[in-house]
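Here is what each chain is made of, one letter per residue.
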Amino acid sequence: MEPQNQPFETRIVPYDEAGIAEAARLIADGLPVAVPTETVYGLAADATNGEAVARIYWAKGRPRFNPLIVHVGSLDAAERIASFDHTARDLAGRFWPGPLTLVLPLRGESGIASLVTAGLATVALRVPAHQAMRDLLAATGRPLAAPSANASGRLSATRAEHVLAGLGGRIPLILDAGATELGLESTIVAVGPEGVRLLRPGPIADLGVALADNRSGRVEAPGQLASHYAPAKPLRLDASERRPGEWLIGFGTVAGDSTLSASGDLVEAAASLFDRLHEAEASGAGRIAVAPIPDEGLGTAINDRLRRAAAPRG
Ligand code: TXA
Ligand code: MG
């Protein structure tokens with residue numbers, strides 16, 4: 001089976017007990033489903049399953065891997081995934097459940113797939129208020145990664161019909177609970193030693209805390225991230241063989257010290273990309289090489305990320 005090429009007959013079902021049960025079954029099978037939150041509709045998948053997360057990117061047609069927000073049911077569940085300091089706990093206490101996303105240090109034993117954070121050492125977390133998303137979190141018992149349920153570069157979806165127009169044929173199910181209340185994606189802040197930095201303005205205008213200068217400063221495109229995972233070693237692309245001193249990450253017929261996917265499956269390759277890069281960084285080799293990846297479907301996002309990782313840094 002090649003899930004990345006498999007069209008779906010997308011069904012809209014009402015948000016009720018049967019709808020939640022069906023959505024939870026699909027998520028357990030590693031598929032993404034659309035679900036309303038109080039901000040916008042999200043496209044949710046099991047955040048601990050890298051291939052499920054890869055299918056989110058495939059469905060959205062995202063040309064690059066931006067890190068995704070992980071949704072959980074409670075502060076307790078969030079504290080199993082990230083480290084909270086006093087300030088983070090205070091913000092969570094005042095605004096959760098609700099439209100606030102906290103970017104915090106990722107814990108080592110979180111179980112979150114590396115594709116969710118795009119290889120970063122931080123993770124974005126949110127406890128949503130909408131009962132449909134809360135019921136789905138309870139029914140799956142998993143943390144759910146969920147970007148807005150729109151095709152890449154298009155407007156966010158605030159109704160099930162918007163989701164269908166954008167993602168129809170690429171996802172199996174849309175849970176319909178009518179229009180979302182806020183219609184605007186969550187406010188995102190990073191909390192760290194340098195204070196609280198606003199990464200994305202949103203429904204919560206006044207957080208009641210002083211904001212630190214966002215020193216990374218450059219806001220690239222809306223909703224996009226200024227800092228990216230970058231390996232500490234030089235990276236060579238389109239490598240069909242290993243040169244002396246290199247750790248070769250293979251793909252398909254190019255065998256290496258490791259492989260993104262021996263069968264040439266792009267879903268598997270996307271899911272394993274950041275794990276293979278971290279592993280190469282930790283190896284004894286001084287340089288990293290990566291086999292050619294076809295520039296189609298998820299391969300576009302994989303190549304985008306590899307080109308950024310290979311670009312000279314200053
Ligand atoms: O309201 C919302 O937040 C909606 C609903 C579905 O919850 N979700 C949403 O997700 O807007 P998404 O994937 O469209 O936006 C995620 C953004 C990324 O573009 C990035 O800017 C930021 O969250 N982000 C995620 N992880 C991050 C990290 N580790 N560091 C910095 N920014 C991060
Ligand atoms: Mg979005």
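Everything discussed here concerns the structure shown above.
This structure is a prediction, so every number in the text was calculated from the model and none was measured.

Rules and cut-offs
- Residues numbered from 1 in each chain as written.
- Chains lettered and ligands numbered in written order.
- Predicted model: local features only at pLDDT ≥ 70, side-chain atom pairs only at ≥ 80, totals over all residues.
- Heavy atoms only, no water.
- Buried < 20%, exposed > 50% of the residue type's maximum accessible area, 1.4 Å probe, protein only.
- Helix = DSSP H or I, 4+ residues; strand = E, 2+ residues; numbered from the N terminus.
- Arc of directions from axis to C-beta.
- Contact = heavy atoms within 4.5 Å.
- Polar contact = N/O pair within 3.5 Å; in protein donor to acceptor, adjacent residues only side chain to side chain.
- Core = buried A, V, L, I, M, F, W, Y, C linked by side-chain atoms within 4.5 Å.
- Domains from an automatic or database assignment.
- Pairing = 2+ DSSP bridges.
- Axes fitted to C-alpha atoms, helices over the stretch in contact; angles between N-to-C directions.
- 1 Å grid on protein atoms, 1.4 Å probe; cavity = no way out; pocket = protein on both sides within 12 Å on 5 of 7 lines; lining within 4 Å.
- Points joined across faces, edges and corners; volume = space filled by probe spheres on them.
- Nonpolar A, V, L, I, M, F, W, Y, C, P; charged D, E, K, R; others polar.

A.B. asks: What's the story with helix α4 (residues 86-95) in this structure? I'm lost.
C.D. replies: Structurally, the α-helix is built with 3.6 residues per turn, so residues lying three or four positions apart point the same way. Buried within α4 are the following residues: A88, L91, A92 and F95. Around the axis of α4, the buried residues are gathered within 100° of arc, so they sit on the same side. Every exposed residue of α4 that faces more than 90 degrees away from the buried side is listed here: H86 and G93. Buried-residue contacts for α4 involve α3 (75-79), β5 (100-105), β9 (187-192) and β10 (195-200). Sitting at the head of α4, D85 places a side-chain oxygen 3.2 Å from the backbone nitrogen of T87.

A.B. asks: Which parts of the structure should I look at to understand the nonpolar core?
C.D. replies: Nonpolar side chains tend toward joint burial in soluble globular proteins. Of all hydrophobic cores here, the largest spans 99 residues; its most connected members are F65, F84 and L102. Both domain 1 (11-200) and domain 2 (235-310) contribute no fewer than three residues apiece to this core. Counting 5 residues, the second largest nonpolar core, distinct from the first, contains I69, V103, A124 and I188.

A.B. asks: Help me understand unusual backbone geometry, please; the structure alone is not making it clear to me.
C.D. replies: Glycine aside, a negative phi is what most residues show, and trans is what most peptide bonds show. Look at the link from W96 to P97: it is a cis peptide, with omega at -10°. Structurally, P97 is set in the loop between α4 and β5. One non-glycine residue, D238, lies in positive phi territory at about 55°. When you line up the elements, D238 lands in the loop between β11 (235-236) and β12 (246-250). On the accessibility criterion, D238 (57% relative accessible area) is exposed.

A.B. asks: Explain the sheet that holds β12 here, please?
C.D. replies: Two strands in a sheet stick together by hydrogen bonds in their backbones, pointing the same way (parallel) or opposite ways (antiparallel). Ordered by their spatial adjacency, 4 strands build an open sheet running β11-β14-β12-β13, and the pairing between neighbours is parallel. One side of each edge strand has no neighbouring strand; the edge strands of this open sheet are β11 and β13 (258-259). By the bridge criterion, 2 bridges tie β12 to β13 in an arrangement that is parallel. Looking across to β13, one finds that G250 is bridged to T259. Helix α7 (residues 266-282) contacts β11, β12, β13 and β14 (287-290) of the sheet and is inclined by roughly 165° relative to β12.

A.B. asks: Is there a simple way to think about the layout of surface pockets in this case?
C.D. replies: Where empty space is left can be seen by rolling a probe of water-molecule size over the atoms. For the second largest pocket, the calculated volume is near 200 Å³. Around the second largest pocket, the lining is made up of 14 residues, and of these V72, A77, G141, R142 and P143 lie nearest the centre. Of all the elements, helix α5 (residues 131-140) adds the most residues to the lining of the second largest pocket, at 3 residues. Partitioned by chemical class, the residues of the lining of the second largest pocket number 6 nonpolar, 5 polar and 3 charged.

A.B. asks: I tried to follow the pairing of strand β2 (residues 33-36) on my own but got confused; where do I start?
C.D. replies: Along a regular strand, successive side chains alternate from one face of the sheet to the other. Judged by which residues are buried, β2 turns out to be covered on both faces: V33 and V35 on one side and A34 and P36 on the other are all buried. Sheet topology note: the β2/strand β3 (residues 41-46) ladder contains 4 bridges and is antiparallel. Each residue of the ladder has a partner; that of P36, found in β3, is Y41.

A.B. asks: Please clarify how the environment of G30 should be interpreted in this entry.
C.D. replies: Checked against the element boundaries, G30 lands in the loop between α1 (17-28) and β2. In this structure G30 comes out as buried when scored by relative accessible area, which is 1%. Residues G30 and T48 lie 18 residues apart in sequence; the distance between their C-alpha atoms is 9.9 Å. Ignoring any residue separated from it by four or fewer positions in sequence, one finds G30 in contact with N49, A52 and R55.

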